[in-house]
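# Fold and contact review
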Amino acid sequence: MNSASIAFERRLALGWLLAVAACQAEPPPTLPTAEHTEPAATPVAPTAPTAPLALAEFTPQELRAALKLSPLPPLPPDPTNRFADDPRAAHFGQFLFFDQRLSGNGAVSCATCHRPELAFTDGKPLGDAGGEASLPLDRHTPTLLNGAWQRWFFWDGRADSLWSQALHPIEEPREHGFSRLALAHLLNDADDLKRAYEALFGPLPPLADKTRFPVAGRPGHPPWESMQPDDRAAIDRVFSNIGKTFAAYQRRLVSRDSAFDRFIAAVRAGDAARAAEYDPAAREGLHLFVGAARCTRCHSSPTFTDREFHDNRVPNADGAPRRDPGRQRGIARVQDDPFNAAGRHSDAPEGAAAEQLRYLPRAADSFSHFKTPTLRDVAVTAPYMHQGQLATLDDVLAYYNTLEQAVPTHSPERTLAPLHLTPEQLAALRAFLESLTGAPLDPALVAAPPTPDLPQ
Amino acid sequence: MAAGDRPVHCEESAGGPRRRPTANGAGRPRLLLPLLLLGSVRCTAPAEDGAAAPAGATVASAAGGEPMAVVATEAPAEPAPIAPQWAATAKGSFTVGWSPVGGPVPVNEPFEIDLLLFADPEKQQPLTGATVRVTAWMPEHMHGMGRQSQTREVEPGRYRVKGMLLHMDGLWQLFVDVTAHGKAERAEYALTLE
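Since this is a predicted model, take the numbers as computed values, not measurements. (Residues numbered from 1 in each chain as written. Chains lettered and ligands numbered in written order. Predicted model: local features only at pLDDT ≥ 70, side-chain atom pairs only at ≥ 80, totals over all residues. Heavy atoms only, no water.)

Within chain B, the secondary structure is distributed over zero helices and 14 strands. About 7,600 Å² of surface is accessible on chain B, with carbon and sulfur atoms providing 51% of the total. (Helix = DSSP H or I, 4+ residues; strand = E, 2+ residues; numbered from the N terminus. Areas by Shrake-Rupley, 256 points an atom, 1.4 Å probe, with all protein chains shown as cover.)

Written out as structure tokens, the structure reads:
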């Protein structure tokens, strides 16, 4: 017996001697089945004042699944962004969100593609900032609503925070076509922007020195590469600060109080009269959603997404073999991103968000996997899928109902299976999805404020 | 669930005792022991329908080396410690106990695992210096988890697994691949998340 086991033996003896209490229990039980694990009582939210309504057609498991979908929990903190909940940062970020000066051609803002009236999407299959030389992007423009609850950003999850996500489009030639150096100079040259920026973040770098700080450039551009490391770091700090103002604004874009939310609130409260106001077809659709259609396998949680990545085998829009690596490349990009949660511009480089980066596998089996999109406000965010391949909700439901169009893959994954629902059931599912449209946002949040300064 | 197959819930008193259950017998009473100097273990068998079990703390293990299960619901405010689930590796060379750290296994949130490894069925010889890899698989969906966990030995025979995340509810298989003493063997468990 080695020394470790001897020590363990001694601890064992001490345990016998010093145990205050020990007990005997029954032999271990066998693997419980679902019915064994379901409590007899109807599950309730911890704070529910009364027992929820018993929905006759729902099994206890289905009812629990439905209750998990609403309401949205409190806004989660973002320790990587110390300005995340700063009202001045949110106001400045909102101003910049609609400001077309943040583009190479002076005609593109975030709102060009993230249009508030379309739940911050653009209604196009592929993102397209417009203009004479515009080229469509590779993927569909996702909604910005409820982004604060996301874990990864973009269809491939190549960003891990709202603020780092906001930086990518600024320098993408097909979007803003701008650069971090040009952005810094804009902030320095425009009195309104400079005042707002420096009130939040302190003095800008000495940008008047065009030798140290060329007028435009980003990594890979000769002007940028010619700069001193400290000067590049100073510009990166400005760039990340602007991302944090965008994030502070986007955290406020919360969609809640949909017809579905009101129904679940009524169920939780045991209010049968209010629950009866919910469209019966939507209620049937909810039953299918959490039951026979198994939608909550991926569209789980109050944001209707598991925040992870799957291959739903939708064919390419052009019918060609799928070439977009999706999450496979997204993992490499987020791990290599200098603006990720572990980077020098994160306000919590040792935090939980930074730690999770370490465990992402750079493996081939995530090829063509894309993030599960939220379904809140899905009725106003057509078209659908990562390339906007499916024009309507009916098209989406028809796709999942048969999977006849699904492309074959080498993956053994069987998360998806044909639903084999009737037309009436599909219509019910659509009614349910249509009931996920939230109440209109505060009008003050969906337009450019008159100035970048927060009114006193 | 038959009488006698009720899940067992164990609580430790203040003082932070480290649990090291010695139970290994199938079909005979299981004895749970506190092994550090302070604290105690209190075990209760909930009502047969499981309703008395605290949320997220229901622990069930299978007899005879069969797959075991931890059923997690919603995380409690005060996470109850979870007793390790024990299994022998495929050829019986090693004995492996696992338990989630800090409470029940959450759905779609990061968690860590505490592994206890022994080089014998009697759990007398802690297995040191092993290479350990922990993965998870959903047999119904035929996919794994989107994370690659990392394991580090924190004291002789005790390993800490970080980077776990089970992103969907349902049945998961947990695989612990142990390489030591020129042998590579796997211990398997099952857990159902809801």
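Structure shown, so let's carry the discussion forward.
What follows covers the side chain of T374 of chain A. Residues and elements named next belong to chain A. The topology assignment puts T374 in the loop between β3 (370-371) and α16 (393-402). The buried category is assigned to T374, whose relative accessible area is 13%. Within the structure, the side chain of T374 is placed 2.7 Å from the backbone oxygen of T303, a separation counted as a polar contact. At 3.1 Å, the side chain of T374 forms a polar contact with the backbone nitrogen of R376. Apart from the residues within four sequence positions on either side, T374 is in contact with T143, T303, F304 and T305. (Buried < 20%, exposed > 50% of the residue type's maximum accessible area, 1.4 Å probe, protein only. Polar contact = N/O pair within 3.5 Å; in protein donor to acceptor, adjacent residues only side chain to side chain. Contact = heavy atoms within 4.5 Å.)

Turning next to the pairing of strand β7 (residues 95-100) of chain B. All names here are of chain B. Most of β7 is tucked away, with six of its six residues classed as buried. Along β7, one buried face is formed by T95, G97 and S99 and the opposite face, lined by V96, W98 and P100, is buried too. For strand β6 (residues 85-88) and β7, the ladder comprises four bridges, and the chain directions are antiparallel. Counted as the bridge partner of A88 is T95 from β7. Count of turn residues in the β6/β7 antiparallel hairpin: six residues, of which G92 carries a positive phi of about 80 degrees. (Pairing = 2+ DSSP bridges.)

Attention now goes to the packing of helix α8 (residues 191-201) of chain A against helix α10 (residues 229-250) of chain A. Residues and elements named next belong to chain A. α10 packs onto α8 with a crossing angle of 95 degrees between their chain directions and a minimal axis gap of 12 Å. Relative to α10, the element α8 is oriented roughly perpendicular. Taken together, the residues of α10 that come into contact with α8 (itself represented by Y197, L200 and F201) are R237, V238, N241, I242 and T245. Residue composition of the contact of α8 with α10, by class: five nonpolar, two polar and one charged. (Axes fitted to C-alpha atoms, helices over the stretch in contact; angles between N-to-C directions. Parallel < 35°, antiparallel > 145°, perpendicular 65-115°, else oblique. Nonpolar A, V, L, I, M, F, W, Y, C, P; charged D, E, K, R; others polar.)

Residues and elements named next belong to chain B. Here strand β9 (residues 131-138) runs beside strand β13 (residues 170-180); their pairing, made up of seven bridges, is antiparallel. Bridge assignment links V134 to a residue of β13, and that residue is V176. Count of turn residues in the β9/strand β10 (residues 143-144) antiparallel hairpin: four residues, of which M142 carries a positive phi of about 60 degrees.

Right, let's get into the confidence of the model for chain A. Looking at chain A, pLDDT values average 89 and 88% of them are 70 or higher. Below a pLDDT of 50 lies the segment residues 1-48 of chain A, which in the model reaches 95 contacts outside its immediate sequence neighbourhood of four places, other chains included. (pLDDT = per-residue confidence, 0-100.)

Next up on the list: the packing of aromatic side chains. Aromatic ring pairs: the centre-centre distance and the angle between the two ring planes describe each pair. All names here are of chain A. Going through the model one piece at a time under the given rule, you end up with 16 aromatic pairs over all chains. Among the aromatic side chains, those forming a connected cluster through ring pairs are F97, F98, F120 and Y249. R158 extends its terminal NZ or CZ atom over the ring of F154, reaching a point 3.8 Å from the ring centre. (Phe/Tyr/Trp six-rings, centres within 6.5 Å; stacked < 30°, edge-to-face > 60°. Lys NZ or Arg CZ within 6 Å of the ring centre and 35° of its normal.)

All names here are of chain A. Across all of its chains, the model carries 33 salt bridges over all chains by this definition. Between R430 and D394 there is a salt bridge; the shortest N-O distance is 2.8 Å. Taken together, the residues span a long stretch of sequence, with R430 in helix α17 (residues 423-434) and D394 in helix α16 at a distance of 36 residues. Note on R430: relative accessible area 28%, which makes it partly exposed. Connected via shared salt-bridge partners are R139, D156, R158 and D324. (Salt bridge = Lys/Arg side-chain N within 4 Å of Asp/Glu carboxyl O.)

The next subject is unusual backbone geometry. Residue and element names in this part refer to chain A. Residues S70 and P71 are joined by a peptide bond in cis, for which omega reads 0 degrees. Mapped onto the elements of the fold, P71 is located in the loop between α3 (60-67) and α4 (87-97). Cis geometry marks the peptide bond from A382 to P383; its omega dihedral reads -5 degrees. Considering the arrangement of structural elements, one finds P383 in the loop between β3 and α16. Notably, N146 is not glycine yet its phi reads approximately 60 degrees, a positive angle. Looking at the element boundaries, N146 is found in the loop between α5 (110-113) and α6 (162-171).

Across chain B, the average pLDDT comes to 71, with 59% of residues at or above 70. Of the regions scoring below 50 in pLDDT, residues 1-73 of chain B engages in 198 contacts with residues more than four places distant in sequence or in other chains.

Before going further, it helps to spend a moment on α3 of chain A. All names here are of chain A. Most of α3 is tucked away: six of the eight residues are buried. The set of residues buried in α3 consists of E62, L63, R64, A65, A66 and L67. Along its buried surface, α3 packs onto α11 (259-269) and α13 (280-290).

This part covers the sheet that holds strand β8 (residues 111-118) of chain B. Residues and elements named next belong to chain B. Strand order in the open sheet formed by five strands is β6-β7-β8-β12-β11, and the pairing between neighbours is antiparallel. Of all strands in the sheet, those bounded by a partner on one side alone are β6 and β11 (150-155). The sheet shows a mean angle of 25 degrees between the axes of neighbouring strands, direction not considered. Pairing between β8 and strand β12 (residues 158-164): five bridges, direction antiparallel. Residue I113 lies in a different strand from β12, and its bridge partner there is V161.

Here the focus is the nonpolar core. Residues and elements named next belong to chain A. Counting residues in each nonpolar core, the largest one holds 53 residues, and the members touching the most others are F92, F97, L187 and F246. Residue assignment for this core shows that the elements contributing at least two residues are α4, α5, α6, α7 (180-189), α8 and α10. The contact partners of F97, leaving out residues within four places of it in the chain, are S109, C110, A111, H114, F120, L144, F246, Y249 and Q250. F260, V290, V378 and Y399 belong to the second-largest nonpolar core, a separate cluster that totals 44 residues. (Core = buried A, V, L, I, M, F, W, Y, C linked by side-chain atoms within 4.5 Å.)

So, on to the environment of V314 of chain A. Residue and element names in this part refer to chain A. Of note, V314 is situated in the loop between β2 (309-310) and α14 (327-336). We classify V314 as buried; its relative accessible area is 2%. On a C-alpha basis, the gap between V314 and Q389 in space is 7.9 Å, while along the polypeptide they are 75 residues apart. V314 has contacts with R322, M385, Q389 and Y399, leaving out every residue within four places of it along the chain.

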